[in-house]
Amino acid sequence: MQTPKPSLIQQIPFKNKGNIELYIKREDLIHPFISGNKFRKLKYNIVEAQAVKYQTVLTFGGAYSNHIAATAYACKISGLKSIGVIRGEELRPKINENPTLSFAQSCGMEFLFVTRIDYRKKTESEFIENLKKQFGDFYMIPEGGTNTLAVKGCEEILNNDDARYDFICSCVGTGGTISGLINTSSAEQKILGFTALKGDFLNQDIRKFATNSNWDLLTDYHFGGYAKIKPELIAFINAFKTDYGILLDPIYTGKMMFGIIDLIKKGYFLSNTKILAIHTGGLQGISGINLRLKQQNKPLIKV
Ligand SMILES: *Cc1c(COP(=O)(O)O)cnc(C)c1O
C-alpha cells in the first residue's frame, strides 16, 4: 500500500453571514477500494502483519462495514489471507444480497458469522483463543481498525499546509481517526469530532491515543445512534450532492457535514473562521444501505 499524495481540498461555497469558509479534504478519493480513513488505519497494520510474517489477518465488523471491505482488499493486494468475524448470524445466507460482504468475499475474505451476543465477547481472551483453534495464528485488527498503528497512519491525513485552518472536523466512530488528526494538529487549531454513535466512552478512548488536548466532541448529531438513518439526513445528503457535487455517506460524513452546517447557522464559529472537514470516505456502504431503505419504502441516497 503506497502512501498517496496529499488529498485534494475543495471549498464548499456555503454562503453565510459570518464569512466562514468551509473546505473539505477528499480522503474518500485516495484509493478506489480502501477508502479514506480505512486506508490510513490499515497501512501500518499491513506492514506490521507482513514484517512479523503472519499469513492471515483477522478482523471484525457489521453488515455494511467499511473496515471489512477495506481490509479484504488490502489483504488481497498484500498477499495476506483475510478473515472477517461478522456481527449477525442472519447475514450468512445473504452474502449475495449484501454488496459489502460480497465484495469482501470476492477479495478472498473468509467469514465467521456470529450472534450479536457472541460478537460482544470479541475482545475476551477465550473468544480469541477459540478463533485461533479454528483458523490458526493470525494478526488481529480490532473492530473499526483502531490501534496504535492505525493512529500512526491517521497522523498522515494532515500536513503542514493544513495549518491555515482554524478548525479541523472529523467523524468519530472508534476515535482512531480523530486521534491521528489531534496528534498532527498545531496548538492553535481546534479539532472537532462529530460522534456517529451514542456513548460517553469515546472521550476516554481518544485520550488513550491523543497527545494534545485541543479537541472537543459534539454528540448531538448522531440522528438517534449508530447507522440510524432519518429522512431528514437523506434529504440533506441528496441536497449536498446536488449543490456541491460531493457524495456523503449516511453513517459518518453525512452526519458530520449536517452538524458543521448547523453549527455555522447557529453562530458557533467566529466570523472569518476557516474550517477543514475531513471526508473520511465510506461510500462503498451506500448501495447496501439503499437496498435496506428501499425495502422499508424510505427515500434513497442519490449516487
Ligand atoms: C470507520 C469510519 C469512521 C470512523 O473512524 P474512527 O477512526 O473509528 O473514529 C469515520 N468515517 C468513515 C467514513 C468510516 O468508514
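Structure first, text after, so check above.
Cut-offs and rules
Residues numbered from 1 in each chain as written. Predicted model: local features only at pLDDT ≥ 70, side-chain atom pairs only at ≥ 80, totals over all residues. Heavy atoms only, no water. Helix = DSSP H or I, 4+ residues; strand = E, 2+ residues; numbered from the N terminus. Buried < 20%, exposed > 50% of the residue type's maximum accessible area, 1.4 Å probe, protein only. Contact = heavy atoms within 4.5 Å. Pairing = 2+ DSSP bridges. Axes fitted to C-alpha atoms, helices over the stretch in contact; angles between N-to-C directions. Arc of directions from axis to C-beta. Polar contact = N/O pair within 3.5 Å; in protein donor to acceptor, adjacent residues only side chain to side chain. Disulfide = S-S within 2.5 Å. Expected span 1.5 Å × (residues − 1). Parallel < 35°, antiparallel > 145°, perpendicular 65-115°, else oblique. Left-handed = near helix turned anticlockwise from the far one by under 90°. Nonpolar A, V, L, I, M, F, W, Y, C, P; charged D, E, K, R; others polar. Phe/Tyr/Trp six-rings, centres within 6.5 Å; stacked < 30°, edge-to-face > 60°.

**Q** Explain the side chain of Asn-37 here, please?
**A** Here Asn-37 shows up in helix H1 (residues 36-51). A relative accessible area of 9% places Asn-37 in the buried class. For Asn-37, the contacting residues outside a window of four places in its chain are Cys-154, Thr-177 and Thr-280.

**Q** What should I look at first to understand the sheet that holds strand E10 (residues 274-278) in this one?
**A** The strands making up a sheet associate through hydrogen bonds between their backbones, and the pairing can be parallel or antiparallel. Spatially, 6 strands are ordered E1-E2-E10-E7-E8-E9 in an open sheet, and the strand pairing comes out mixed. Of all strands in the sheet, those with a lone pairing partner are strand E1 (9-12) and strand E9 (215-218), marking the two edges. Direction aside, the axes of adjacent strands within the sheet are offset by 25° on average. Pairing geometry for strand E2 (residues 21-25) and E10, over 5 bridges, is parallel. For Glu-21, the partnering residue across the bridge sits in E10 and is Lys-274.

**Q** Got a minute to help me understand helix H3 (residues 99-106) in this structure?
**A** Along an α-helix, residues three or four apart share an orientation, since each turn contains 3.6 residues. Those residues of H3 that sit buried are Thr-100, Leu-101 and Ala-104. An end-on view of H3 places all buried positions within 95° of arc, on one side of the element. Turning to H3, the residues buried within the fold contact helix H2 (66-78), strand E4 (81-87) and strand E5 (110-114). A distance of 2.9 Å separates the backbone nitrogen of Thr-100 from a side-chain oxygen at the start of H3, and that oxygen is part of Asn-98.

**Q** Quick question: what am I supposed to make of the state of the cysteines here?
**A** As used in these notes, a disulfide is a covalent bond between sulfur atoms, one from each of two cysteines. This structure, assessed with the given rule, holds 0 disulfides. Cys-154 carries a free sulfur, and the closest cysteine sulfur to it, the one in Cys-171, is 12 Å from it.

**Q** Hey, could you run me through helix H10 (residues 253-265) in this one?
**A** For H10, which comprises 13 residues, the first-to-last C-alpha distance of 18 Å matches the rise-based estimate of 18 Å (1.5 Å per residue) to within 8%. Counting buried positions over the 13 residues of H10 gives 12, a clear majority of the element. Those residues of H10 that fall on the buried side of the exposure criterion are Thr-253, Gly-254, Lys-255, Met-256, Met-257, Phe-258, Gly-259, Ile-260, Ile-261, Asp-262, Leu-263 and Ile-264. In the core, the buried residues of H10 are packed alongside E2, strand E7 (167-172), strand E8 (190-195), E9, helix H9 (231-244) and E10. Where H10 ends, the next residue or the one after it, Gly-267, has phi of about 80°, a positive value.

**Q** I tried to follow the packing of H2 against H3 on my own but got confused; where do I start?
**A** Across the interface, H2 lies against H3 with an axial gap of 8 Å and an inter-helix angle of 15°. As the angle between them shows, H2 and H3 are arranged roughly parallel. For the pair H2 and H3, the crossing hand works out as left-handed. Residue-level contacts link Ile-68, Ala-69, Ala-72 and Tyr-73 of H2 to Thr-100, Phe-103 and Ala-104 of H3. Of the residues contributing to the contact of H2 with H3, the split by class is 6 nonpolar, 1 polar and no charged.

**Q** For this particular structure, what's the right way to read the sheet that holds E4?
**A** If you walk across this open sheet you meet the 4 strands as E5-E4-E3-E6, and the pairing is parallel. Looking at which strands have only one partner, the edges of the open sheet turn out to be E5 and strand E6 (139-140). Note that strand E3 (residues 56-61) and E4 share 6 bridges and pair parallel. For Leu-58, the partnering residue across the bridge sits in E4 and is Ile-83. Across the sheet, helix H5 (residues 125-135) is in contact with E3, E4, E5 and E6; its angle to E5 comes to roughly 140°.

**Q** Got a minute to help me understand the packing of aromatic side chains in this structure?
**A** The description of an aromatic ring pair uses the distance of the two centres, along with the angle that the planes make with each other. Under the defined criterion, the tally for this structure stands at 15 aromatic pairs. Arranged with centres 6.0 Å apart and planes meeting at 50°, the rings of Phe-194 and Tyr-221 form a pair that is tilted. Remark: Tyr-221 occurs in the loop between E9 and H9 and Phe-194 occurs in strand E8; sequence separation between them is 27 residues. On the accessibility criterion, Phe-194 (2% relative accessible area) is buried. Relative to Phe-258, the ring of Phe-236 has its centre 5.3 Å away and its plane inclined at 75°; by these criteria the two rings are edge-to-face.

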